[in-house]
Amino acid sequence: MDQSKTIKLYQDMLLLRRFEEETGRLYMEGDIRGFCHLYIGEEAIAVGSISCLSEKDYIITHYRDHGHALARGINPKNIMSELMGKSDGTSAGKGGSMHIFDVSKRFMGGHAIVGGQLPIACGLGFASKYQEENSIVLCFLGDGAVNEGEFHESMNLASLWKLPILFCLENNLYGMGTHVNKTRSSGKDIYKIADSYKIPSMQIDGMDVLEVQKATQQSIEKIRSGEGPVFLEAMCYRFRGHSMADPSSYRKSQEVVEWQKNDPIIKLEKFLSNQKIIDQQKILKIKESVDSEIFDCIEFAKNSPDPKIESLLENVYQNE
Ligand SMILES: Cc1ncc(C[n+]2csc(CCOP(=O)(O)OP(=O)(O)O)c2C)c(N)n1
Ligand SMILES: [Mg+2]
C-alpha cells in the first residue's frame, strides 16, 4: 500500500465532509438556496472510486453531486460559488447544487432527473468506444433510480454494445423517505439485477474507502480490456435527511446512530493510526489545512459577483 496515497484518501474524505457541513450551515443562514442534498456519510464511495480514474475518464452522477465533484478535483471555490448562485460557479451560478458540471475534468453533471444520467452515460461510453479513446465512464446512481425504465434500457444497451461503463450504485437504503425494502423485493441485493443483463456485478461495503478503491480498480481493469460494463452496489447510508428540507422523521434516530458508528472517515483515521501511518499531530494538521481551504472557498464565493442580468439568456439554445 502506498502510504501517502492512503493519507490522501483520508484528506479528500475530510474535505468532502467539512465542505458539506459548512454547506448545511450556509443553507440555514440563507447564503445557499434552492434544492440541496448532502452526501455526508457516503464519502468513501466518491473518494475511493474516483481515485482510480485517469484524466481522460468520464464521471456522470445524480443530484447528490457535491462529493463526486470535489473528489474529481474540481476547485471547491467554484463549487461553493455555484451553490451560492454566483458568477464564479462551475455553471456561472445558473445550475445550483444539483447541476455541477466541469467538462475540462470530464465531469458531465449533476442530474436532477432520477435515472436521467444513465442513458447519457451510455452515450458517453459509446462515443469513447467509437472514437477509440479507451476512456471509461463512471456512472453513479441511487437505489431509487433502479425503479426507472431508463435504468433497464441503459443496462441492456450497455451490455449489448459492451460499453465501457462502471455503474456504481450507492444503495443508501432510502429513496427520499421510502426504505428500499418497500420498493424492491431485492432491496438490499440490487446488484443481482445485473445478472439478467449478463453484466458482472458485486456488492461492496461503501463505508470502507479501501474496499471501494480495490473493487473499482478490479472493475476498471475488466472494462478497459474491452469486456463491457461492470456493476457495483456500494452499501451505505446518508447521515443527513434526503435534502435540506427533510427532517428525517421516517427513520429512527437509533438507526442513524448505529450507522454513524461505521463512519468511513473515522474508520480510515483509526486504521491509519493503528498502522502507525499517521499520528495525532499529523491528523490535527490535516484537519486544520482542510478547514482553512474551506474557509477560503466560502470567502471567495461570498465575494464572487452575482450573475449579470444580461447573462440571463447566455447558453440557452433552441432548434431553429
Ligand atoms: C424522474 C424523477 N422522478 C421523481 C423525482 C423526485 N425525486 C427526487 S430524489 C428522489 C429519490 C431518489 O432516491 P435515490 O435514487 O435512492 O437517491 P438518494 O437520494 O438516496 O441519493 C425522487 C423520487 C425525480 N427527481 N425524478
Ligand atoms: Mg437512495
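Residue numbers run consecutively from 1 along every chain, following the written order of its sequence. By the order in which they are written, chains take letters starting at A while ligands take numbers starting at 1. Under the rules for a predicted model, residues below a pLDDT of 70 receive no local features and side-chain atom pairs below 80 are neither given nor counted, while totals for whole chains, interfaces and linings still include all residues.

Q: Explanation requested: the site of ligand 1 in the structure shown.
A: Here is the check we use: build the C-beta atom from the backbone, and if it is within 6 Å of the molecule or strand, call the residue near. Taken together, the neighbourhood of ligand 1 is formed by 13 residues, with Val-114, Gly-142, Asp-143, Gly-144 and Gly-175 sitting nearest. Nonpolar residues are Ala, Val, Leu, Ile, Met, Phe, Trp, Tyr, Cys and Pro. Charged residues are Asp, Glu, Lys and Arg, and all others, Gly as well, are polar. Tallied by class, the residues present in the shell around ligand 1 amount to six nonpolar, five polar and two charged.

Q: Explain helix α6 (residues 149-160) here, please?
A: Each full turn of the α-helix corresponds to 3.6 residues, which orients residues three or four apart in the same direction. Runs of E in the DSSP output that reach at least two residues are strands. Runs of H or I that reach at least four are helices, and both are numbered from the N terminus. Multiplying 1.5 Å by the helix residue count minus one yields the expected span of that helix. For α6, which comprises 12 residues, the first-to-last C-alpha distance of 17 Å matches the rise-based estimate of 16 Å (1.5 Å per residue) to within 8%. In this fold, the buried residues of α6 make contact with α5 (117-130) and β4 (165-171). Looking one or two places after α6, you find Lys-162, whose phi comes out positive at around 45 degrees. Contact between two residues is assigned whenever their backbone-derived C-beta positions fall within 7 Å.

Q: Is there a simple way to think about the sheet that holds strand β2 (residues 107-111) in this case?
A: In any sheet, the strands associate via hydrogen bonds between backbone groups, in a parallel or an antiparallel arrangement. Note on pairing: DSSP must find at least two bridges between two strands before they are called paired. Reading across from one edge, β2-β1-β3-β4-β8-β7 is the order of the six strands in this open sheet, with parallel pairing throughout. Edge strands, defined here as strands with exactly one partner in the open sheet, are β2 and β7 (201-205). Neighbour to neighbour, the strand axes of the sheet diverge by 15 degrees on average, direction disregarded. Where β7 meets strand β8 (residues 230-235), five bridges bridge the pair, whose relative direction is parallel. Opposite Ser-201, over in β8, you have Phe-231 as the bridge partner. As a rule, the C-alpha atoms of each element are fitted with a line to give its axis, helices using only the stretch in contact, and angles between N-to-C directions run from 0 to 180 degrees. Packing of helix α2 (residues 43-50) onto the sheet brings it into contact with β1 (58-62), β3 (137-142), β4 and β8, and relative to β4 it is tilted by some 165 degrees.

Remember that the coordinates give geometry; whether it matters functionally is a separate question.
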